[in-house]
Amino acid sequence: MEASQSRVWRASREMAEIKVENLHKEFGVGEDRVVALENVSLGVQGHVFVSIVGPSGCGKSTLLNILSGIETPSSGTVTITQDNRDAEPGYVFQAARLLPWRTVMDNLLFVQKDRSDATRERCQRYLEMVQLGDKGDKYPGELSGGMQQRVGIARAFSIEPDVLFMDEPFSHLDAITARSLRRELHEMWRQARKTVLFVTHDVGEAVELSNRILVFAKGGRLEDDLQVDLPFPRDPSNEDVAIAKAKVLRKFEELDLVAT
Amino acid sequence: MATTVATAPIRDSGWIGVLKSPQTARLLFPFAVLALWYLIYFTIDSRIFPTPVEVLEFMWEEVTLTSGVRYSSVAENLYVQFAISILRLTIGFFIALILGTVIGLAMGLSKSVNAFFHDWVMAILAMPALVWALFLGLALGFSHTGPIIAVILAGLPFVIINVREGVRNTPRELFDMARAFDVPQNKITRHVLVPSLMPFFFAAIRYAYAIGWKGLIIAEVFASDRGMGWTIKFWYDANRAKGVIGYALFFIIFAVILEKLVFDRLSEKAFKWRPQVNAVQMAEGDFGGVTQEGFLLQESQVHGGVPIESMEGESRDG
């Protein structure tokens, strides 16, 4: 089970599987009742990068919160398994959500099961992967927003999760930082060979990163399930990528999602 | 000559720069006070009003125990009186801190508990320390108990309110993060809850200490036959202004030293993760009525102006 030190990720015989059945989520009661997710069913399996896109208020963040256990569904079931056991998820948030009173390294150690030397080494390795190998003893307040988000990504990867949930992790960053982080993230995903669920409202970002795009509409309905079969890495200025993006956007127009 | 506009502001150099600097202004203040002191000395009837030199002489005699004045049959001097007051302050301070933390935590966590205590906390805040002192003197006579209770009552509301606001302002998104990563609850408490409460707790410590001192001095004037407050009153009864001013200065010096040596260092240690703002700045200029202003200021900055009703009254008699 344990991989050799040279490997970034521990080897696993099987891929994670996410199964969502008839998931329903409502907030409030009576007049204030809001449906966030309406009978959503989907399955995700293996080494895929799945983007969830849709207008704000379509329940995409709620779905991710339910998958990661922060929120509970009103009805329906969610199972996330890996090798017939409960899978371990990692999470990257919209804001970095680091503990400001702990150093970068301690922030990574905070989410670990133990503090052994091996664990420390692993954390250091992931900090190096996001190019922050020398920033372990800095406090988050001493880092830029992009660096903080990198720490957030390293933290999610450092527990070597079976699945990774990401909730618009680059939406607060400037375009150039977001672009380089997207590349880093993709490279890490490629090496780690894990299942990623990535929420975004940016269609271009979704097309650039994912094999599969789930389109949600307002009211929490899963409207479409698109495959994007283009080789990685994808350059947004590449013709095929641009065409794919245009296709997805057209789909949005068909579903009348653009105006909202 | 449009080119002269957007340049950097012209800085004074050399002597003028030194004279205009904030450091000079700060150093200048004591001299201004001295000048004013002498002005008052020469304008009013100076039979009881001492000169600064007289006050310093008095203080020196007290420190070196050469004044020859003993206040009672017991050989009580500056050090004994000070020790008594500090003992009372320390006991009252820690009780206020523990009690206030427990009540503040409960109020922050439960709306019902908050409703139960809220009006009473405000009532204690509104009550002048003088009234407590008189009441405690009547109820308990001259003992340690009265002044200690005065310290507790003075500090308690500030501890309660600060801790409560701390609990109310715990960062939800960090708790969610910790739960998403399956971090065990005791680890969340230690690494998320407690550190997020620290700035509020430190503010509570400073206020409980600063305001507790004032409550203590008043209680000792009216409800004690020992301590710094009582000694100040002794010199008042003796019609010696130099004694009153001298002991007030002892009190101020001690309070400032403790503030700088203990609290500033503690908060520097606790808040080294904050690159720019630290708790030292937050509670800068911490004595007297400034505390109250600072508290209100902090309240409004942190919580967008939560009105703390009936906060006045405390600083006037302090």
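Residues numbered from 1 in each chain as written. Chains lettered and ligands numbered in written order. Predicted model: local features only at pLDDT ≥ 70, side-chain atom pairs only at ≥ 80, totals over all residues.

**Some thoughts on the overall build of chain A**
Across its full length, chain A carries seven helices and 10 strands. Scaling as 2.2 N^0.38, a compact globule of 260 residues should have a C-alpha radius of gyration of about 18 Å, and chain A matches this with 18 Å. Seen along its three principal axes, the alpha-carbon backbone of chain A occupies a region of about 50 × 45 × 40 Å. For chain A, the proportion of its 260 residues judged to be buried stands at 40%. For chain A, the proportion of contacts with a sequence separation of at least 24, taken over those separated by at least 6, is 70%. (Helix = DSSP H or I, 4+ residues; strand = E, 2+ residues; numbered from the N terminus. Rg over C-alpha atoms; globule rule 2.2 N^0.38 Å. Buried ≥ 20, exposed ≤ 12 C-beta atoms within 10 Å, placed from the backbone. Contact = placed C-beta atoms within 7 Å.)

**Focus: the sheet that holds strand 3 (residues 49–53) of chain A**
Residues and elements named next belong to chain A. Within the open sheet, the six strands sit side by side as 6-7-8-3-9-10. Their pairing is mixed. This sheet does not close on itself; its edge strands, each paired only once, are strand 6 (89–92) and strand 10 (221–227). The mean inter-strand angle of the sheet, taken between neighbouring strand axes irrespective of direction, is 20 degrees. Where strand 6 lies against strand 7 (residues 163–167), four bridges are found, and the strand directions are parallel. Looking at strand 7, one finds that P89 is bridged to V163. Contacts from helix 4 (residues 145–158) reach strand 6 and strand 7, with the element oriented near 175 degrees to strand 6. (Pairing = 2+ DSSP bridges. Axes fitted to C-alpha atoms, helices over the stretch in contact; angles between N-to-C directions.)

**Focus on the interface of chain B and chain A**
Contact residues are listed per partner, giving 14 residues for chain B and 17 residues for chain A. Those elements that provide at least two residues to the side of chain B that touches chain A are helix 8 (172–180) and helix 9 (185–223) of chain B. In terms of residues, the side of chain B that touches chain A owes the most to one element, helix 8 of chain B, which gives six residues. Broken down by class, the residue content of the side of chain B that touches chain A amounts to nine nonpolar, one polar and four charged. (Nonpolar A, V, L, I, M, F, W, Y, C, P; charged D, E, K, R; others polar.)

**A short note on the packing of helix 3 (residues 52–64) of chain B against helix 11 (residues 241–270) of chain B**
All names here are of chain B. In the contact formed by helix 3 and helix 11, the axes pass within 9 Å of each other and the chain directions differ by 65 degrees. Our classification of the angle between helix 3 and helix 11 gives roughly perpendicular. Seen along the crossing, helix 3 lies across helix 11 with a hand that is right-handed. Taking contact as the criterion, the partners of E54, V55, F58, M59 and E62 in helix 3 are, on helix 11, K242, G243, I245, G246, L249 and F250. (Parallel < 35°, antiparallel > 145°, perpendicular 65-115°, else oblique. Left-handed = near helix turned anticlockwise from the far one by under 90°.)

**Considering the pairing of strand 9 (residues 212–217) of chain A**
Residues and elements named next belong to chain A. Pairing of strand 3 with strand 9, which is carried by four bridges, proceeds in the parallel orientation. Residue pairing in the sheet places S51 in a bridge with I213 of strand 9. Pairing between strand 9 and strand 10: six bridges, direction antiparallel. Within strand 10, the residue paired with V215 across the bridge is D224. Hairpin connection of strand 9 to strand 10: three residues between the antiparallel strands, including G219 at a positive phi of 90 degrees.

**Examining the domain arrangement of chain A**
Interface size is commonly expressed as the accessible surface area that is lost when the partners come together. Residue and element names in this part refer to chain A. Taken as a whole, chain A is organised into domain 1 (17–88 + 162–254) and domain 2 (101–160). Between the C-alpha centres of domain 1 and domain 2 the distance comes to 25 Å. With 11 residues of domain 1 at the interface, the matching set in domain 2 holds 11 residues. For the side of domain 1 that touches domain 2, the element with the most residues is helix 5 (residues 175–192), which contributes six residues. Split by residue class, the side of domain 1 that touches domain 2 holds seven nonpolar, two polar and two charged. (Domains from an automatic or database assignment.)

**Comments concerning unusual backbone geometry**
Even without being a glycine, E160 of chain A presents a positive backbone phi close to 45 degrees. Positioned with a positive phi, N239 of chain B is a non-glycine residue whose angle comes to about 65 degrees. With 10 C-beta atoms packed within 10 Å, N239 of chain B lands in the exposed category.

**Some details on the sheet that holds strand 5 (residues 85–86) of chain A**
Residue and element names in this part refer to chain A. Read from one edge to the other, the open sheet built from four strands follows the order 2-1-4-5, with strand pairing classed as antiparallel. Both outer strands of the open sheet, strand 2 (34–45) and strand 5, are each paired with one neighbouring strand and no more. Pairing of strand 1 (residues 17–27) with strand 4 (residues 75–82), which is carried by six bridges, proceeds in the antiparallel orientation. Paired with I18 across the two strands is I80, which belongs to strand 4.

**A word on the nonpolar core**
Ranked by size, the top nonpolar core spans 71 residues in total, and within it I52, A154, L197 and F198 of chain A carry the most contacts. Of the residues forming this core, the biggest block, five residues, is contributed by helix 4 of chain A. When we break this core down by domain, the ones giving at least three residues each are domain 1 (17–88 + 162–254) and domain 2 (101–160) of chain A. When near neighbours in sequence (up to four residues on either side) are disregarded, F198 of chain A contacts F49, V50, S51, I52, M166, L209 and S210 of chain A. Of all hydrophobic cores here, the second largest spans 54 residues; its members include V151, I152, F158 and I245 of chain B. (Core = buried A, V, L, I, M, F, W, Y, C linked by C-beta atoms within 7 Å.)

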